[in-house]
Amino acid sequence: MFYRENGQFKSSYRADQQIFPIAQDRIATLVLLLAAFVAVPLGVSDYWMRAILTPFLILSLAALGLNILVGYCGQISLGTGAFMAVGAYAAYNFQVRIDGMPLIASLLLGGLCATVIGVLFGIPSLRIKGLYLAVATLAAQFFTDWAFLRIQWFTNNSSSGSVSVAGLNVFGVPIESPVQKYLFCLIFVVVFALLAKNLVRSAIGREWMAMRDMDVAAAVIGIRPVYAKLTAFAVSSFIVGVAGALWGFIHLGAWEPAAFSIDRSFQLLFMVIIGGLGSIMGSFFGAAFIVLLPLFLNQLPGWLGFSISTALASHLETMIFGALIVFFLIVEPHGLARLWSTAKEKLRLWPFPH
């Protein structure tokens, strides 16, 4: 009754094609953004800012980049952690080797370096797909792990591959407190989410989805597979590279190649599957689920009146992840985002379903 578009008439193509065609969606989005920018910094503790919300935002950004490649273009990738590592180490080198390099420029240039590596490892997608493509992207993971451990130039002659950054600032404003780091990451996530949403609604986004649904038919109707697949790898790698730079600079401060191991690649793939393939909102749902589930599992035994070991909690977390992935692949392949869309459709008809 309260969520429907009765009386909301569209008198132009621009109004009909806007991101949020229903006024209630626009109002809810503005309220959510206002809460994220104002209410959360004022009412949330530093621990939540540092340990939960900031990682959630950065992982959401990385999942968003992976979703463009896997969910919208249908190209399986197991090397997301590698592209995050390239973005982080490239941004680090720009920061330490060029005096006065702005922080934002370093992060974006790190994303561009990840784009180059992503396109390079995306070239095999022109000839192979499916499991073979997954193995090809997995090679990127092993290659970057070896490179950042063995080639000391990438780590500014650090023998262990560990690097650190300090004294971050943007236009003279320091990025030190948990609130400042949270807001800095939030701005990046909002900008990139808006760009990604418009991109998948454009002509190139429709080409990606055509390649995902049936690449042979897409080629027959004039879509260039080379252009579509490589642009998907480029855009995805750029967003993932920026997320990797944020993860190293803002969340960790000091990191080593193990911070971007294959476990990170699988974690991001789980986010996309659970949140919803081919959905911008699904990237945020998946990241929230992955970040909050360990907290829930740690607190649940205390709520029920008994305690479990940390090792058992870790094993339960892995088992639940696996069970949920199987569940969503069988019952709802489009993940939590599809459940959210179904709920919205029912609200548009309530209380008169038909």
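Quantities reported herein were computed from a predicted structural model and do not represent experimental measurements. (Residues numbered from 1 in each chain as written. Predicted model: local features only at pLDDT ≥ 70, side-chain atom pairs only at ≥ 80, totals over all residues. Heavy atoms only, no water.)

### Examining the overall build of the protein chain
Part 1 of the argument: In terms of regular secondary structure, the protein chain is built from 14 helices and 4 strands.
Part 2 of the argument: Scaling as 2.2 N^0.38, a compact globule of 354 residues should have a C-alpha radius of gyration of about 20 Å, and the protein chain matches this with 21 Å.
Part 3 of the argument: Over its C-alpha atoms, taken along the principal directions, the protein chain stretches across nearly 65 × 60 × 45 Å.
Part 4 of the argument: Relative to its full complement of 354 residues, the protein chain shows a buried share of 44%.
Part 5 of the argument: The long-range fraction of contacts in the protein chain, counting pairs at least 24 apart against all pairs at least 6 apart in sequence, stands at 73%.
Part 6 of the argument: If you sum the accessible surface of the protein chain, you get close to 18,200 Å²; carbon and sulfur atoms cover 69% of it. (Helix = DSSP H or I, 4+ residues; strand = E, 2+ residues; numbered from the N terminus. Rg over C-alpha atoms; globule rule 2.2 N^0.38 Å. Buried < 20%, exposed > 50% of the residue type's maximum accessible area, 1.4 Å probe, protein only. Contact = heavy atoms within 4.5 Å. Areas by Shrake-Rupley, 256 points an atom, 1.4 Å probe, with all protein chains shown as cover.)

### Concerning the side chain of Lys-229
Part 1 of the argument: Take Lys-229: it is sitting in helix α10 (residues 225–252).
Part 2 of the argument: Within the buried core, Lys-229 has no salt-bridge partner, and the shortest N-O distance to an opposite charge, that of Asp-215, equals 4.6 Å.
Part 3 of the argument: In this structure, Lys-229 is in contact with Cys-73, Gln-75, Ser-125, Leu-126 and Met-211, ignoring residues within four places of it in sequence. (Lys, Arg positive; Asp, Glu negative; His and termini not counted. Salt bridge = Lys/Arg side-chain N within 4 Å of Asp/Glu carboxyl O.)

### Considering the nonpolar core
Part 1 of the argument: Within the largest apolar cluster, 92 residues are counted, with the highest numbers of intra-cluster contacts made by Leu-61, Phe-184, Trp-208, Leu-246, Phe-249 and Trp-255.
Part 2 of the argument: Ranked by residue count, the leading element in this core is helix α3 (residues 46–72), at 16 residues.
Part 3 of the argument: Contacts of Trp-208, omitting those with residues within four sequence positions, involve Ile-68, Tyr-72, Cys-73, Leu-199, Val-200, Ala-228, Thr-231, Ala-232 and Val-235. (Core = buried A, V, L, I, M, F, W, Y, C linked by side-chain atoms within 4.5 Å.)

### Overview of empty space enclosed by the protein
Once rolled over the atoms, a probe with the size of a water molecule shows which space is left empty.
Part 1 of the argument: Applying the stated criterion across every chain yields a total of 1 cavity of 30 Å³ or more.
Part 2 of the argument: Here the lining of the largest cavity gets 3 residues from one element, more than from any other, and that element is α10.
Part 3 of the argument: For the lining of the largest cavity, the residue count by class is 4 nonpolar, 4 polar and no charged. (1 Å grid on protein atoms, 1.4 Å probe; cavity = no way out; pocket = protein on both sides within 12 Å on 5 of 7 lines; lining within 4 Å. Points joined across faces, edges and corners; volume = space filled by probe spheres on them. Nonpolar A, V, L, I, M, F, W, Y, C, P; charged D, E, K, R; others polar.)

### So, the packing of aromatic side chains
Part 1 of the argument: In the structure shown here, the tally under the stated rule is 13 aromatic pairs.
Part 2 of the argument: With a centroid separation of 4.2 Å and 15° between ring planes, the pair formed by Tyr-89 and Phe-148 is classed as stacked. Here Phe-148 lies in helix α6 (residues 131–150) and Tyr-89 lies in helix α4 (residues 80–97), a separation of 59 residues in the sequence.
Part 3 of the argument: By relative accessible area, Tyr-89 is classed as buried at 1%.
Part 4 of the argument: Exposure remark for Phe-148: the relative accessible area of 8% places this residue in the buried category.
Part 5 of the argument: Where Phe-121 meets Phe-143, the ring centres are 6.3 Å apart and the plane angle is 50°; that geometry is what we call tilted. Here Phe-121 is found in helix α5 (residues 103–122), whereas its partner Phe-143 is found in helix α6, with 22 residues between them in sequence.
Part 6 of the argument: These aromatic residues form a ring-pair network of at least three members: Tyr-89, Tyr-92, Phe-148, Trp-153, Phe-154, Phe-249 and Trp-255.
Part 7 of the argument: When the ring centre of Trp-153 is taken as reference, the NZ or CZ atom of Arg-97 above it lies at 4.2 Å.
Part 8 of the argument: When the ring centre of Tyr-227 is taken as origin, the NZ or CZ atom of Arg-224, which lies over that ring, is 4.6 Å away. (Phe/Tyr/Trp six-rings, centres within 6.5 Å; stacked < 30°, edge-to-face > 60°. Lys NZ or Arg CZ within 6 Å of the ring centre and 35° of its normal.)

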